[in-house]
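# Structural overview for review
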2 protein chains.
Amino acid sequence: MLDLLALLGAPDIQTESESERDVPLRRLPPRTALFHEGAAADAIYVVRAGTFKCCRTDADGGEQVLGFARRGDVLGYAAVGLGRYTSSAFALEAASVGVVPLADLFNRLRSRPALDRALHQALSLQQAGFEELAGVRAAVPAEARLARFLLHWAQRMAMSGHSLRQIKLTVNRRDIGRLLGIAPETVSRAFAALSVRGCIAVKGRMLDMLDTDGLHVIARFRAGNARPAPDRSWATPRSFAGLNA
Amino acid sequence: MLDLLALLGAPDIQTESESERDVPLRRLPPRTALFHEGAAADAIYVVRAGTFKCCRTDADGGEQVLGFARRGDVLGYAAVGLGRYTSSAFALEAASVGVVPLADLFNRLRSRPALDRALHQALSLQQAGFEELAGVRAAVPAEARLARFLLHWAQRMAMSGHSLRQIKLTVNRRDIGRLLGIAPETVSRAFAALSVRGCIAVKGRMLDMLDTDGLHVIARFRAGNARPAPDRSWATPRSFAGLNA
DNA sequence: CGAGCACTTGACGCAGGTCAACTTTGGTGG
DNA sequence: CCACCAAAGTTGACCTGCGTCAAGTGCTCG
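## Re helix H8 (residues 184-196) of chain A
Residues that lie three or four places apart on an α-helix share one face, since the helix turns once every 3.6 residues. Residue and element names in this part refer to chain A. The first and last C-alpha atoms of H8 sit 19 Å apart over 13 residues, in line with the 18 Å expected at 1.5 Å per residue. Of the residues making up H8, those classed as buried are Val187, Ala190, Phe191 and Leu194. Looking straight down H8, one finds that the buried residues subtend no more than 100° of arc, so they occupy a single side. With respect to the buried face of H8, the exposed residues turned more than 90 degrees away are Arg189 and Val196. Elements that come into contact with the buried residues of H8 comprise helix H6 (142-159), helix H7 (173-180), strand S12 (200-203), strand S13 (206-209) and helix H9 (212-218). One or two residues past the end of H8 sits Gly198, with phi positive at roughly 85°.

Have a look at this one:
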């Protein structure tokens, strides 16, 4: 059993008895599915440990990676409205999740406002993360996408108390490529390019973040020519004549 | 004032008095901002009419389009956890939204379970849509991305009771490009290509969906060569004069 | 300890980004 | 109502980043 409120990052309030806050735990071996795209949904999940890959089958039959989930992330929420999972979730390493059955989800939320609030907070933050992820797929050179991804990943690892310097990537090159929208060979070359610049050091899936500032510069590269984008925090060519502070 | 439950697509239950279900309305002229990225958040919104463009400033200073919102969509939800908007929302045409102040959001949700439930349902569906949007940015040729986008858009229009055949795009080419991760010129060329194949007819922002099945075929094109991906019962590598010329 | 998968590196061609010129649309004022 | 202008869209030419194919090396796990 598992304290859901703590997992969702709620402040440590004590309005509910211990047993009321707990949910059953489910453990997964590496490389197994938590749920499959299209399957009838019976529960949503909150990650307690491990890394998950969220993906869906693309229109062309390929695998589209939507993102990676870590401690505190909610999985399968899209099934609340549809009753079916719209994407699959795979454990990349040994993992465990808290299980919240859909059947009594709303009863639970109604009878425990603190849980409802914690869920909303977590979902909100997750959406913010999702929006940020859209940036790594923007129309920028592969090297910039990888730099953005690494910064994003490092930041999330840091939130789980991990070292900022030494990071173990639990993800293979192919999946990184499928997240960034580039071929795995290009991922390799981009890793090499970042190494040459001295921003990182890579050996297999072990990663050293040597120069975060340098990565931020590269993350600003624009398509076409590899030059850092001009600082245009002032601009905004007057379309949308909203009062831009 | 505005019936929030109906707007969120909740079944027409009558557990609450009329006045309890209503929220203030806000109207927006075309090309004005509902809120700006980074601004302190005081409310979330539910679209009643019009089309919104959701975007954020990319790391390189460019504008990244995250998606387009229509009736029933929730805007600004990412601010629930952060207190600040993580993206901007612009009305592309005259629009109106229901306003739900953040200050008493949780009180409201606690005292009105039906509203909480409706919100969860809507958010869940929205996440499903967001995941589907990731498909249009996948590593596939521009023509396939546009085909996917048009199918996605048409389906959403259909849900608002619109015609499936004749569609008015409220979005300009630049913004479509920024959503799909391709240059506006390429959007133009992709429109032209789909026209030549006879799948659509375009004149400015008026769009005719002539051959939905054909669009689905093109949506399966893979990167590199322009061939339909898995199902190769009728392989024709280069120029098939169109199913509907 | 071996086999298969993950990763790296090189060569080559093309889809699409950039630049540029032109046409059309829509909005505004005379 | 039409002349005018700026923004939006289209089309063409050129060139480069990266996808594909291919061959080789190193891990990981069984």
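## Concerning the protein's contact with DNA strand D
In the neighbourhood of DNA strand D, 18 residues make up the surrounding shell, with Ala142, Ala183 and Thr186 of chain A together with Arg173 and Ser188 of chain B lying closest. The sugar-phosphate portion of DNA strand D accounts for 70% of its atoms within 4 Å of the protein, the bases making up the rest. Between DNA strand D and the protein, one listed contact pairs a phosphate oxygen with a backbone N or O atom of Ala183 of chain A at 2.6 Å. Residue Ser188 of chain B places a side-chain N or O atom 2.4 Å away from a phosphate oxygen belonging to DNA strand D. When the residues that make up the surface near DNA strand D are grouped by side-chain class, the tally is five nonpolar, four polar and nine charged.

## Regarding the protein's contact with DNA strand C
Every one of the 18 residues lining DNA strand C counts as a neighbour, but Arg173 and Ser188 of chain A together with Pro141, Ala142 and Thr186 of chain B are closest to it. Considering the 4 Å shell around the protein, atoms of DNA strand C inside it are sugar or phosphate in 68% of instances. Within the side chain of Arg174 of chain A, one N or O atom sits 3.1 Å away from a phosphate oxygen of DNA strand C. Between DNA strand C and Ala183 of chain B, the relevant distance is 3.0 Å, taken from a phosphate oxygen to a main-chain nitrogen or oxygen of the residue. Across the surface near DNA strand C, the residue classes break down as five nonpolar, five polar and eight charged.

## Remarks on the pattern of salt bridges
In total, this model carries 15 salt bridges over all chains according to the counting rule given. Each of Lys53, Glu63, Asp175 and Arg178 of chain A takes part in one network of salt bridges that share partners.

## Observations concerning the side chain of Ser88 of chain A
Residues and elements named next belong to chain A. The residue Ser88 is located in strand S9 (residues 88-91) in this model. Given the relative accessible area of 7%, Ser88 is considered buried. A distance of 2.8 Å separates the side chain of Ser88 from the backbone nitrogen of Glu37, its partner in a polar contact. Apart from residues lying up to four places away in sequence, Ser88 is in contact with Phe35, His36, Glu37, Lys53, Cys54 and Cys55.

## Quick look at the environment of Phe106 of chain A
Turning to its location among the elements, Phe106 of chain A is positioned in helix H4 (residues 105-111). When the C-alpha atoms of Phe106 of chain A and Gly67 of chain A are compared, they prove to be 27 Å apart, with 39 residues separating the residues in sequence.

## A look at the relation of the copies chain A and chain B
Take chain A, turn it by 180°, move it 0.0 Å along the axis, and it overlays chain B with an RMSD of 0.0 Å. A rotation of that kind, with that shift, is consistent with a two-fold axis.

## A look at the pairing of S12 of chain A
Residues and elements named next belong to chain A. Pairing of S12 with S13, which is carried by four bridges, proceeds in the antiparallel orientation. Directly across from Lys203, in S13, lies its bridge partner Met206. Turn length for the S12-S13 hairpin, with the two strands adjacent in sequence and antiparallel, is two residues, and the turn residue Gly204 shows positive phi of about 60°.

## Section: the interface of chain A and chain B
A common way to express how large an interface is: the accessible area buried when the components associate. Chain A puts 51 residues into the contact, and the matching count from chain B is 52 residues. A combined buried area of about 4,300 Å² lies between chain A and chain B, and 60% of that area is made up of carbon and sulfur atoms. Along the contact surface separating chain A from chain B lie three salt bridges. With its nearest N and O atoms 2.7 Å apart, the salt bridge here joins Asp58 of chain B to Arg148 of chain A. Counting across the interface, chain A meets chain B through 17 residue pairs in polar contact (both at pLDDT 80 or more). At the level of secondary structure, the elements contributing two or more residues to the side of chain A that touches chain B comprise strand S7 (63-69), helix H3 (79-82), H4 and helix H5 (113-134) of chain A. Residue contributions to the side of chain A that touches chain B peak at 15 residues, all from H5 of chain A. Here the side of chain A that touches chain B is built from residues that sort into 25 nonpolar, 13 polar and 13 charged.

## Digging into helix H7 (residues 173-180) of chain B
All names here are of chain B. Within the sequence span of H7, burial applies to Asp175, Ile176, Gly177, Leu179 and Leu180. Its buried side turned inward, H7 meets strand S6 (52-57), strand S7 (63-69), helix H5 (113-134), helix H6 (142-159) and helix H8 (184-196). Immediately downstream of H7, the backbone of Gly181 shows phi near 80°, a positive value.

## Thoughts on the confidence of the model for chain A
In the predicted model, chain A carries a mean pLDDT of 88, and 87% of its residues have values of at least 70. Below pLDDT 50 for its whole length, residues 226-245 of chain A participates in 20 contacts with residues either more than four positions away or in separate chains.

## With respect to unusual backbone geometry
Residues and elements named next belong to chain A. A positive phi angle, close to 60°, is found at Arg31, a residue other than glycine. Considering the arrangement of structural elements, one finds Arg31 in the loop between strand S3 (25-28) and strand S4 (33-35). Relative accessible area serves as the criterion here: at 72%, Arg31 is assigned to the exposed category.

## Some thoughts on the side chain of Glu143 of chain B
Residues and elements named next belong to chain B. Tracing the chain through its elements places Glu143 in helix H6. For Glu143, a relative accessible area of 16% puts it in the buried group. Ignoring sequence-local partners within four residues, the contact set of Glu143 consists of Ala190, Ala193, Leu194, Arg197 and Ile218.

## Points about the sheet that holds strand S10 (residues 95-101) of chain A
Residue and element names in this part refer to chain A. As summarised here, the arrangement of the four strands in space is S3-S10-S5-S8, forming an open sheet in which the pairing is antiparallel. At either margin of the open sheet sits one strand with a lone partner, and together these are S3 and strand S8 (74-75). Relative to S10, strand S5 (residues 43-49) is paired through six bridges, and the arrangement is antiparallel. Bridge pairing links Ala49 to Ser96 in S10.

Basis of the calculations
Numbers given for residues are sequential positions, taken from 1 along each chain in its written order. A letter from A marks each chain and a number from 1 marks each ligand, given out in the order of writing. Predicted model: local features are reported for residues with pLDDT of at least 70 only, side-chain atom pairs are reported and counted for 80 or more only, and whole-chain, interface and lining totals are derived from all residues. With hydrogens and water set aside, each side-chain value is computed from the structure's full complement of heavy atoms. The way it works is that DSSP assigns letters per residue, a run of H or I at least four long becomes a helix, a run of E at least two long becomes a strand, and they are numbered from the N terminus. To estimate how far a helix should reach, multiply one less than its number of residues by 1.5 Å. Relative accessibility thresholds used throughout: buried, under 20% of the residue-type maximum; exposed, over 50%; partly exposed, between the two (1.4 Å probe, protein chains only). For this quantity, the arc is that covered by the directions from the helix axis to the C-beta atoms. Every residue pair with non-hydrogen atoms within 4.5 Å of one another is taken to be in contact. Put simply, a residue is near a molecule or strand once any heavy atom of it comes within 4 Å of that molecule or strand. Whenever a nitrogen or oxygen atom comes within 3.5 Å of another N or O atom, the pair is scored as a polar contact, on the condition that within protein one atom can donate a hydrogen and the other can accept it, and that pairs from neighbouring residues in sequence are kept only if both atoms are in side chains. Polar here means any residue outside two lists: the nonpolar Ala, Val, Leu, Ile, Met, Phe, Trp, Tyr, Cys and Pro, and the charged Asp, Glu, Lys and Arg; Gly therefore counts as polar. Whenever Lys or Arg places a side-chain nitrogen within 4 Å of a carboxyl oxygen from Asp or Glu, that contact is recorded as a salt bridge. C-alpha atoms of residues with pLDDT of at least 70 in both copies form the basis for the least-squares superposition of the copies. Two strands qualify as a pair provided DSSP detects at least 2 bridges between them. Accessible area that two parts lose when put together, evaluated with a 1.4 Å probe and summed over both, is termed the buried area. What pLDDT conveys is the predictor's confidence in a given residue, as a value from 0 to 100.

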